[in-house]
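# Fold and contact review
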Protein chains: 2
Amino acid sequence: MTSIKDVAKAAGVSTATVSRVLANNAPIKAETRERVLEAISQLNYRPNLIARSLRAQKSAKIGLVVSDIRNPFFTAIGRAVEDAAYEQGYSVLMCNTDENPEKEELYLNLMHDENVAGVIFSPTQQFSASFNAYNAKMPFVVIDRVVNSKEIDMVLLDNVSAAYELTTHLLENGYRKLAGLFGDASTTGQERSRGFHKALKDYQLNPVAAHFISPRIKQGYDTTIALLENSNRPDAIFTSNSLLTAGAFQALRDKKISVPSEVALVGFDETTWGELVDPPITVMSQPTEEIGRTATELLFQRIQEPSRSTKTVILKGTLIVKGSSGKK
Amino acid sequence: MTSIKDVAKAAGVSTATVSRVLANNAPIKAETRERVLEAISQLNYRPNLIARSLRAQKSAKIGLVVSDIRNPFFTAIGRAVEDAAYEQGYSVLMCNTDENPEKEELYLNLMHDENVAGVIFSPTQQFSASFNAYNAKMPFVVIDRVVNSKEIDMVLLDNVSAAYELTTHLLENGYRKLAGLFGDASTTGQERSRGFHKALKDYQLNPVAAHFISPRIKQGYDTTIALLENSNRPDAIFTSNSLLTAGAFQALRDKKISVPSEVALVGFDETTWGELVDPPITVMSQPTEEIGRTATELLFQRIQEPSRSTKTVILKGTLIVKGSSGKK
DNA sequence: GGCGAGAGTGTAAACGATTACATTGTTTGT
DNA sequence: ACAAACAATGTAATCGTTTACACTCTCGCC
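Residues numbered from 1 in each chain as written. Chains lettered and ligands numbered in written order. Predicted model: local features only at pLDDT ≥ 70, side-chain atom pairs only at ≥ 80, totals over all residues. Heavy atoms only, no water.

## Notes on the relation of the copies chain B and chain A
These two copies of the chain differ by a rotation about an axis and a displacement along the same axis. Note on the identical chains: chain B maps onto chain A by a rotation of 180° and an axial translation of 0.0 Å, with an RMSD of 0.1 Å. The transformation relating the two chain copies, once decomposed into turn and shift, fits a two-fold axis. (Least-squares fit on C-alpha atoms with pLDDT ≥ 70 in both.)

Right, here's the structure in full:
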């Protein structure tokens, strides 16, 4: 492996000079710089990031710890974060916790050990407790989910309003017997349920049902089947994330329920499949690109100025109306 | 930051002893070990991985460089790799190249600079040329796509057979006017096209069409629209990856073509949406879990024994018959 | 002509671990 | 009883950088 010593020798200077040429942060005679750069390209030298990171006690990496890499929402976020980080010369380490607090702890420790400059993170609900310990160790930005602390930067969707708007859309289109399926793994589900109930109250209605369940296709399916077999069957189903939407849709199909004439269906997040099925699904779309980019920018701000006062950015979703919620 | 020195001081031993307790690779008096472990947990000490990596000239990280993190096939692979690596105490750095040779080079360099133990990698077609340079620098395992070299471990699908089987399925069900859409970004598309043509030849048929296009939904859509408007319209469409399948499906719907009675559709890879649409899509499913796991195992073998002769593992796909290819 | 400022460079000490080598006891075999 | 082997530990070099400090010139200025 060619090191800075080899370059120094080849250029006839000290390693300090080579380092200074690389960092470009000190006066160097033009001719010396030439020689060093020449040696560098001659030897095909690449600085060792490990050594640099050890010495500088920091690195140009940020961590992205999400709850499920297979969830399209998070891969979209990942892409946005990566692009934004890349522009600043940072690389991204991506990990997923699978909504598992143990893995969460493991990966946050790993991030710390890897000396990352900061972490973008979507915490499980259990996390709030152990949070402060980590927050002290490195810059953090939390996305998608609320952490019960004022001491932290967050990028969130205005979930209550988004759910309110989505629910109101159903009500305006004439649906009256609404059922809600909400994920129980995150704070997101709770907030969306609040918006759901608020909209119903404005219409002086009660929900037919509201269930907090594990955010998996299977749970969405099972719960929907039960709803449909119930004597008081809903005429519209509200789901708080795309996996539940998928499960509900599958159940409606298996039960041969016509959508939306018998039962309408709405959910969150744009997905590939949402507009391919029949009818396409009405969704509240989250601005994934903006969420990822904003989180990255906040993180960089905090890295540069650790004592800056914390900020919470709340973004709006966009209602995308399709066939699954057509006028009754 | 608490370092090994603090632990040594607290336990009244030298740093060497602490290190030996940690590595567990030398005889230590039980009582001393106790004291050291006590000090470690007292101080909440965690070894600095950066320093360890610098000294040892290696690390417990592997890189996973894929062409699109948003492609469900690759996220599934990612998950499998992560699980397998975790079992060995390794962590995974995931990056995506977006089929872009520049990004590919960037990330491979990054992996090298990060001192990863090895890389699992799905190369673009342009990559073969510059390949040997990288192969020399660190252990490699190539997945999904062929690299023109005997000097490398690979985990591949038996693409020709898989495509042959999928095509034969269409032919057995009575379809005769087949069109094929193949991705042009990887070797995979080419191999699948070979299987497609081979099956047709066995039936003494010619394809109605065979297009190599960019593996994006939009291209799949546009090309399918053109096929459907052509005077010699196919009665079945074969797609070589799930993005093209999605595009083709969308086109069939927009053109209000009944599937499969007017035109059948088959593709590769199981996806969430493939079984939610109407009709569900017949696919050749790839064993993603097995691909990821095998690649990881091969990588570890090579890390342990760099001079071992290279191996190519070829896995079989599974035909999953659904409604989109029903008997004519 | 002497002095301060700054340009330009080198020397060597970090960063936090691992490990070759040295050292000191304690067994063990003959 | 003595050499050899080994257990148990410490000392210090090392990995590849960055950077504080020191040094030497060369100016410009009084």
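Back to the text.
## Quick look at the interface of chain B and chain A
Listed per partner, the contact involves 45 residues of chain B and 46 residues of chain A. For chain B, the biggest contributors to the area lost against chain A are Ile50(B), Arg79(B) and Leu276(B); these three give 18% of the whole. At the junction of chain B and chain A, the tally comes to 12 salt bridges. Seen at the junction of chain B and chain A, the total is 12 residue pairs in polar contact (both at pLDDT 80 or more). Secondary structure elements with two or more residues in the side of chain B that touches chain A: helix H4 (49-56), helix H5 (72-87), strand E2 (91-96), helix H6 (101-113) and helix H11 (242-254) of chain B. With 7 residues, H6(B) is the largest single contributor of residues to the side of chain B that touches chain A. (Contact = heavy atoms within 4.5 Å. Buried area = accessible area lost by both parts, 1.4 Å probe. Salt bridge = Lys/Arg side-chain N within 4 Å of Asp/Glu carboxyl O. Polar contact = N/O pair within 3.5 Å; in protein donor to acceptor, adjacent residues only side chain to side chain. Helix = DSSP H or I, 4+ residues; strand = E, 2+ residues; numbered from the N terminus.)

## Comments concerning the packing of helix H10 (residues 217-229) of chain A against helix H11 (residues 242-254) of chain A
Between two packed helices, the angle of one axis relative to the other and the distance separating the axes together describe the packing. Residue and element names in this part refer to chain A. Contact pair H10 / H11: the axes reach a minimum separation of 7 Å and the direction vectors enclose 45°. By the angle between their directions, the pair H10 and H11 is classed as oblique. Crossing handedness for the pair H10 and H11: right-handed. Listed contacts from H11 to Ile 217, Gly 220, Tyr 221, Thr 224, Ile 225 and Leu 228 of H10 are Leu 243, Leu 244, Ala 246, Gly 247, Ala 248, Gln 250, Ala 251, Leu 252 and Asp 254. For the contact of H10 with H11, the residue count by class is 10 nonpolar, 4 polar and 1 charged. (Axes fitted to C-alpha atoms, helices over the stretch in contact; angles between N-to-C directions. Parallel < 35°, antiparallel > 145°, perpendicular 65-115°, else oblique. Left-handed = near helix turned anticlockwise from the far one by under 90°. Nonpolar A, V, L, I, M, F, W, Y, C, P; charged D, E, K, R; others polar.)

## Quick look at the packing of aromatic side chains
If you walk through the whole model with that rule in mind, you get 18 aromatic pairs over all chains. For the cation-ring pair, Arg192(A) lies above Phe268(A), with the distance from its terminal atom to the ring centre recorded as 3.9 Å. Lying across the ring of Tyr164(B), Lys198(B) places its NZ or CZ 4.5 Å from the centre. (Phe/Tyr/Trp six-rings, centres within 6.5 Å; stacked < 30°, edge-to-face > 60°. Lys NZ or Arg CZ within 6 Å of the ring centre and 35° of its normal.)

## Some points on the pairing of strand E4 (residues 140-143) of chain A
Residues and elements named next belong to chain A. Of the two faces of E4, both are covered, the one formed by Phe 140 and Val 142 as well as the one formed by Val 141 and Ile 143. Looking at chain direction, strand E3 (residues 118-121) and E4 are connected through 3 bridges and run parallel. Of the residues in E4, the one forming a bridge with Val 119 is Phe 140. Pairing between E4 and strand E5 (residues 153-157): 3 bridges, direction parallel. In the strand pairing of E5, Val 141 is matched with Asp 153. (Buried < 20%, exposed > 50% of the residue type's maximum accessible area, 1.4 Å probe, protein only. Pairing = 2+ DSSP bridges.)

## Some words on the protein's contact with DNA strand D
Around DNA strand D, the surrounding shell holds 25 residues, and the nearest of these are Ile4(A), Ser19(A), Arg55(A), Thr17(B) and Thr32(B). Contacts to DNA strand D include Tyr45(A), whose side-chain N or O atom sits 2.8 Å from a phosphate oxygen. Ser14(B) is positioned with one of its backbone polar atoms (N or O) 2.8 Å from a phosphate oxygen of DNA strand D. For the surface near DNA strand D, the secondary structure elements donating two or more residues are helix H2 (15-23) and helix H4 (49-56) of chain A together with helix H2 (15-23) and H4 of chain B. Looking at the surface near DNA strand D residue by residue, the class counts come to 10 nonpolar, 9 polar and 6 charged. (Near = heavy atom within 4 Å.)

## Re the pattern of salt bridges
According to the stated counting rule, one finds 38 salt bridges over all chains in the structure shown. A network of salt bridges, in which partner residues are shared, links Lys61(A), Glu114(A), Lys61(B) and Glu114(B).

## A short note on the protein's contact with DNA strand C
Surveying the vicinity of DNA strand C reveals 25 residues, the closest of which are Thr17(A), Thr32(A), Ile4(B), Ser19(B) and Arg55(B). The sugar and phosphate moieties of DNA strand C supply 61% of its atoms located within 4 Å of the protein. Here a phosphate oxygen of DNA strand C sits 3.0 Å away from a polar atom, N or O, in the side chain of Gln57(A). Counting only elements with at least two residues in the surface near DNA strand C, the list comes to H2 and H4 of chain A together with H2 and H4 of chain B. With 4 residues, H4(B) is the largest single contributor of residues to the surface near DNA strand C. The class makeup of the residues in the surface near DNA strand C is 11 nonpolar, 8 polar and 6 charged.

## Here's the deal with the nonpolar core
Counting 48 residues, the largest nonpolar core has Ile62(A), Ile120(A), Val155(A), Ile62(B), Ile120(B) and Val155(B) as the members making the most contacts within it. Counting residues in hydrophobic clusters, the runner-up holds 42 residues, among them Leu252(A), Ala246(B), Phe249(B) and Val277(B). (Core = buried A, V, L, I, M, F, W, Y, C linked by side-chain atoms within 4.5 Å.)

Note that every value here comes from positions in space, so none of it alone points to a role or purpose.
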